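Read off the chains here:
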Amino acid sequence: MIVPMKKITFLGIESEKDQFIKRLQEVGVVHLIYPQEAVDPSDLVRELQRVVEAKKFLAKKGSAGNPEKILDSKAICAQREALGQEEARINGEINVLKKDRALIEPWGDFSLEDLELLLNSGLQVYFFRVPKKVFYMLPISDLYCYMAQEKAGEICFTVLSSEPVQLGVPEEKLPSKSLSEIDREIALKQADLLRIEKEYVALAEHLKALKDAEAGLTDIVEYQRALLNIRPELEDRIFVVQCWSPMAEEELFQKIGTSFTFYHYSEDPRDDDRVPVLMKNPSPFASGEDLVKVYSYPGYKDVDPSPFVLYCFAVFFGMIIGDAGYGLTCLAITIFLHHKFRSDSPFAVRFFRMMYLLSFAVIAFGVLSGSYFGIVLHSNNPLLKLCVLNMTTIKGQNQVMIVSMVMGLVHLSMSHAIKFYNTRNYASIGWIITGWSGYFLINSTMGKGTDNPVAMYCMIGGLAIILFFSSASSNIFLRIALGLNAVLGIVQFFSDVLSYLRLFALGVATVYMAQTFNMLADQIVQGVPWVGFILAGLVALVGHTVNLALGVMGGVVHGLRLNFLEWYRWSFEGDGLPYKPFQQISKQE
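Residues numbered from 1 in each chain as written. Predicted model: local features only at pLDDT ≥ 70, side-chain atom pairs only at ≥ 80, totals over all residues. Heavy atoms only, no water.

A. Up close: the packing of helix α3 (residues 73-104) against helix α7 (residues 207-229). Taken N-terminus to C-terminus, the directions of α3 and α7 make an angle of 115°; their axes are 9 Å apart at the nearest point. Along this stretch, α3 crosses α7, giving a crossing that reads as left-handed. Contact residues: α3 offers Ser73, Ile76 and Cys77, while α7 offers Ala209, Leu210 and Ala213. (Axes fitted to C-alpha atoms, helices over the stretch in contact; angles between N-to-C directions. Helix = DSSP H or I, 4+ residues; strand = E, 2+ residues; numbered from the N terminus. Left-handed = near helix turned anticlockwise from the far one by under 90°. Contact = heavy atoms within 4.5 Å.)

Shown next, in the form of structure tokens:
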């Protein structure tokens, strides 16, 4: 559910402002209301960003430990920045050296002093790099020429002459260092990089200090932001603080205490208020909150979609994978990860609870479809008694298609019912009637070849409700015009229903892929003696792993898509403001 909020206004004496704000932060319940152009403590924000950046960077380099020398956050950040600057400088120098190496490499390793000796003895060495087709057109027949390298249509060569040489192509300008000298410098600088990496690892041992500093600075930043944005009144003699509170007034005032002189009043949210959203659900539904936050927070006036999204997602996920063997594999992986990464954090608890739910949903749909790693069950197998949606037969596939569309109608009807509950908009009832009457009408005329006048009249009635109740305008012409525009939404409605056929398509694809890998493995066993079982096992293992991975990706993407796009569009405003309590994070560490 979305927790109701009260808008509370405090008026206090200016001399008690600092302590009152400090007390509000210690209570840690209210969501402060800031002006649109709120002022931030810029210096503190920059310092906080500096600490956060250093913490994120060092967390990738090592783990917290027990350093011999204790450093504060400023010293840690200064060392990390100094090392970063040194590392950037060295990497730049290495890049320059590598470019120089690429220039001189075709001519091999030679001493530049030898070139000087040749020059002093009257011989000049010229270096050229030209395209291959240009090389064979050069006037070099009377010159001593040595081809040093030929690759990728390019030729590097040298000319040795006692006279000036003019070939009509630019001479290559070589670095002032030999190849071996460049390699030595690169090796030295790479050793410096290794030293810097070791210093990063040593500095990462101070991660706890950075974590504590981040929490402390966050508290200070929020406190100073509150002070900067408090509205003064009566020539700065009193201050005014407005906030949203999910806590009952009496309980909040008891927590604040009686040591302050202040006046307060509370009010319910107005239609134009941007009210923060706090979702609070019992354990069976709490995992849905994390799914909802993936897309968008609901609006304050919305019904909390978390329970609906969670269990509808589980149904869609189970149907898309739809194999009991894969479901048991997901369950085993979940149990392993749960024991491997035990955590009492609320997020971890909600995450693993959702993983168990999804695993059992896959198992359930696998049993209903009679699919166990794509193995074709014998006609006498008792598990077939539980199979009601056999996706390997035409009849079963037709049933699954109908089930998919019915699930779509149920899902969208839930959305319209929620909208009617929330807004008392009778057009939502019209959409429910239109959707179901359209289904029964199509089922009768196309499926059974008979007329269904009841469904026809119900559909007309539903469209009439949409026509006259989509708008609340008192102007009859405007009301009908807006109603006609709403009736055109019938195309969108039925296209949304058909969108649920992806459940059928993805489910069938998973089944057939599993059976295909089984068939390939069986052919290997029959065709390859002795080692056929090993090869078949590898094919089956890799194939089913890929199939399960694709099923999980499809289940997540399409399972959430049907909730966030097809379902959300009919009843939810979304774009809610997340509830952010004004609290002391450092006290929670």
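B. Up close: the packing of helix α14 (residues 426-448) against helix α15 (residues 453-469). Relative to each other, α14 and α15 sit at 155°, their axes nearing to 8 Å. Relative to α15, the element α14 is oriented roughly antiparallel. Crossing geometry of α14 relative to α15 is assigned as left-handed. Two secondary-structure elements touch here, α14 through Tyr426, Ala427, Gly430, Trp431, Ile433, Thr434, Ser437, Gly438, Phe440 and Leu441 and α15 through Ala455, Met456, Cys458, Met459, Gly462, Leu463, Ile465, Ile466 and Phe469. Per-class residue counts for the contact of α14 with α15 are 14 nonpolar, 5 polar and no charged. (Parallel < 35°, antiparallel > 145°, perpendicular 65-115°, else oblique. Nonpolar A, V, L, I, M, F, W, Y, C, P; charged D, E, K, R; others polar.)

C. Representation of the sheet that holds strand β5 (residues 154-161) within the structure. As summarised here, the arrangement of the 3 strands in space is β3-β5-β4, forming an open sheet in which the pairing is antiparallel. The sheet is open, and its two edges are formed by β3 (124-131) and β4 (144-151), each paired on a single side. Shown here is a sheet whose adjacent strand axes are inclined to one another by a mean of 20°, direction ignored. In the sheet, β4 pairs with β5 via 7 bridges, with the strands oriented antiparallel. Within β5, the position partnered with Met147 by the bridge is Phe157. (Pairing = 2+ DSSP bridges.)

D. Here's a closer look at the side chain of Thr158. Position of Thr158 among the secondary structure elements: in strand β5. Setting aside its immediate chain neighbours within four residues, Thr158 contacts Trp107, Val125, Tyr126, Phe127, Tyr144, Cys145 and Tyr146.

E. Looking closely at the nonpolar core. Membership of the largest hydrophobic core comes to 27 residues, with the highest contact counts inside it found for Phe316, Phe493 and Leu503. Among the secondary structure elements, those contributing two or more residues to this core are α10 (306-321), α13 (394-423), α14, α15, α17 (490-499) and α18 (501-527). With sequence-adjacent residues up to four places away left out, Phe316 is seen in contact with Met407, His411, Tyr500, Leu503, Gly559, Leu562 and Asn563. (Core = buried A, V, L, I, M, F, W, Y, C linked by side-chain atoms within 4.5 Å. Buried < 20%, exposed > 50% of the residue type's maximum accessible area, 1.4 Å probe, protein only.)

F. Spatial organisation of a nonpolar patch on the surface. Taken together, the side chains of Trp530, Val531, Ile534, Leu535 and Leu538 define a hydrophobic patch exposed on the protein surface, amounting to about 590 Å² of accessible area. When you line up the elements, Leu538 lands in helix α19 (residues 532-567). (Patch = residues over 30% accessible without salt bridge, like charges linked within 9 Å, V, L, I, M, F, W, Y side chains within 5 Å. Areas by Shrake-Rupley, 256 points an atom, 1.4 Å probe, with all protein chains shown as cover. Salt bridge = Lys/Arg side-chain N within 4 Å of Asp/Glu carboxyl O.)

G. Broad picture of helix α9 (residues 283-295). Listed as buried for α9 are Ala286, Ser287, Gly288, Glu289, Asp290, Leu291 and Val292. Among the structural elements, α10, α12 (346-369) and α19 are those in contact with the buried residues of α9.

H. Representation of the environment of Met1 in the model. Inspection of the secondary structure puts Met1 in the segment before β1 (6-13). Along the sequence, Met1 and Pro307 sit 306 residues apart, while their C-alpha atoms lie 8.8 Å from each other. Met1 has contacts with Leu278, Met279, Lys280, Asn281 and Asp304, leaving out every residue within four places of it along the chain.

I. Spatial organisation of the packing of aromatic side chains. Applying the stated rule across the entire model yields 34 aromatic pairs. Seen in terms of ring centroids, Phe308 and Trp567 are 5.8 Å apart; in terms of plane orientation they differ by 50°. Their pairing is tilted. Pair noted here: Phe308 is in helix α10 and Trp567 is in helix α19, with a separation of 259 residues, a long-range link. Members of the aromatic cluster, joined through ring pairs, are Tyr295, Phe308, Phe564, Trp567, Tyr568 and Phe572. Looking at Arg80, its charged tip hangs above the ring of Phe57, at a distance of 3.8 Å from the centre. Sitting above the plane of the Phe469 ring, Arg479 keeps its charged end 5.9 Å from the centroid. (Phe/Tyr/Trp six-rings, centres within 6.5 Å; stacked < 30°, edge-to-face > 60°. Lys NZ or Arg CZ within 6 Å of the ring centre and 35° of its normal.)

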